[in-house]
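Spelled out from the first residue to the last, the chains are:
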Amino acid sequence: MSTIAGVGNGLQAALLLARGRPEGIALLTAREEPVQAVAERSFWAAALCLPAFICLQLIDQSQAGQPPFAAHGFALQLLGYAIGWTGFALVSHGIAAGMGRAAAWPRFIAAWNWCNVVQYLLLVAASLPPLLGLPALIGDTAWLVTSGWALWLEWYATRLALGVTGLQAFGLVALDEAMGVVILAVIQIINGP
């Protein structure tokens, strides 16, 4: 399968999962190709999410009153983005093996990668109300709803792709979030006040 077709397939799968449709998982591996190739190609999602990541950084810096793209801080954020993305993939591989689900990990990481595209788009959408001058209640509600949806999507895709219990899926989502918080804290310490 070509890279473009694989990207389209992955995005379609993520959109199905975002709507609570389990056939999104089956779509990831529906074509006759090794699941490992599907997993490898799914890392294109990191490149597709990069514009949304940059957008979120710009919004965050503008709301904090910082100049856009202060070089040192932005470089640290990009480094954190790369470390977080690849770090979770590596850690989750070991955890899946420890749970006896190593064979399902390529399907899981493909689902996780593609669902990140939807999650980033949800976060960008949630960041828009304050920029549009809408009341804080609307902005806070949008952030709460989209954040909840993004977390649910990761949990749902994890549970289906790995074939684990809801509690085990919750543990992986919590690990992903915890890794993000730790990486952000380290970046803030390095970046200074």
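Above this note sits the structure.
These lines cover the structure that appears in this document, whether it is placed above or below. Because the structure is a prediction, the values reported are computed rather than measured.

**What to know about the overall build of the protein chain**
Now for step 1: What the protein chain contains, in helices and strands, is 8 helices and 0 strands.
Now for step 2: Beginning at the N terminus, the succession of helices and strands in the protein chain can be written as α-α-α-α-α-α-α-α.
Now for step 3: In terms of C-alpha radius of gyration, the protein chain reaches 17 Å, essentially the compact-globule figure of 16 Å for 193 residues.
Now for step 4: Its C-alpha atoms give the protein chain principal-axis dimensions of about 50 × 35 × 35 Å.
Now for step 5: Taking all 193 residues of the protein chain together, the buried fraction comes to 41%.
Now for step 6: A fraction of 71% describes how many contacts in the protein chain between residues 6 or more apart in sequence connect residues 24 or more apart.
Now for step 7: Accessible surface, the protein chain: about 10000 Å² in total, of which carbon and sulfur atoms supply 71%.

**A few points about the state of the cysteines**
Now for step 1: For the structure shown, the criterion picks out 0 disulfides.
Now for step 2: Its sulfur unpaired, Cys 49 is 10 Å from the next cysteine sulfur, which belongs to Cys 115.
Now for step 3: Note on Cys 49: relative accessible area 1%, which makes it buried.
Now for step 4: Left without a disulfide partner, Cys 55 is nearest to the cysteine sulfur of Cys 49, which lies 12 Å away.
Now for step 5: For Cys 55, a relative accessible area of 28% gives the class partly exposed.

**So, the side chain of Asp 176**
Now for step 1: The topology assignment puts Asp 176 in helix α8 (residues 166-191).
Now for step 2: Among buried Asp, Glu, Lys and Arg side chains, Asp 176 stands out as unpaired, with Arg 159 the closest opposite charge at 16 Å.
Now for step 3: Excluding anything up to four places from it in sequence, Asp 176 contacts Phe 88, Trp 112 and Glu 154.

**What to know about helix α7 (residues 136-162)**
Now for step 1: Taking 1.5 Å of rise per residue, 27 residues should cover 39 Å, and α7 covers 38 Å from first to last C-alpha, within 8% of that figure.
Now for step 2: Among the residues of α7, Gly 139, Thr 146, Ser 147, Ala 150, Leu 153, Glu 154, Tyr 156, Ala 157, Thr 158, Ala 161 and Leu 162 are the ones counted as buried.
Now for step 3: The inward-facing, buried residues of α7 contact α1 (3-18), α2 (23-28), α5 (71-98), α6 (105-131) and α8.
Now for step 4: Of the residues trailing α7, Gly 163 is marked for its positive phi of about 70 degrees.

**Some details on the pattern of salt bridges**
Now for step 1: Within the structure shown, the criterion is met by 1 salt bridge.
Now for step 2: Between Arg 21 and Glu 23 there is a salt bridge whose closest N-O contact spans 2.6 Å.
Now for step 3: According to the relative accessible area criterion, Glu 23 is partly exposed, its value standing at 34%.

**Some words on the environment of Leu 56**
Now for step 1: Mapping Leu 56 onto the fold places it in helix α4 (residues 44-63).
Now for step 2: Owing to a relative accessible area of 16%, Leu 56 belongs among the buried residues under this scheme.
Now for step 3: Taking the C-alpha atoms as reference, Leu 56 lies 29 Å from Leu 160; in sequence the two are 104 residues apart.
Now for step 4: Apart from residues lying up to four places away in sequence, Leu 56 is in contact with Tyr 120, Leu 123, Val 124 and Ser 127.

**Topic: a nonpolar patch on the surface**
Now for step 1: A grouping of Leu 128, Leu 131, Leu 132, Leu 134 and Ile 138 is seen on the molecular surface, where their side chains present a nonpolar patch of about 450 Å² in accessible area.
Now for step 2: If you trace the backbone, Leu 134 turns up in the loop between α6 and α7.
Now for step 3: Owing to a relative accessible area of 38%, Leu 134 belongs among the partly exposed residues under this scheme.

Cut-offs used in this document
- Residues numbered from 1 in each chain as written.
- Predicted model: local features only at pLDDT ≥ 70, side-chain atom pairs only at ≥ 80, totals over all residues.
- Heavy atoms only, no water.
- Helix = DSSP H or I, 4+ residues; strand = E, 2+ residues; numbered from the N terminus.
- Rg over C-alpha atoms; globule rule 2.2 N^0.38 Å.
- Buried < 20%, exposed > 50% of the residue type's maximum accessible area, 1.4 Å probe, protein only.
- Contact = heavy atoms within 4.5 Å.
- Areas by Shrake-Rupley, 256 points an atom, 1.4 Å probe, with all protein chains shown as cover.
- Disulfide = S-S within 2.5 Å.
- Lys, Arg positive; Asp, Glu negative; His and termini not counted.
- Salt bridge = Lys/Arg side-chain N within 4 Å of Asp/Glu carboxyl O.
- Expected span 1.5 Å × (residues − 1).
- Patch = residues over 30% accessible without salt bridge, like charges linked within 9 Å, V, L, I, M, F, W, Y side chains within 5 Å.

Note that all results are geometric; they support no functional claim without further evidence.
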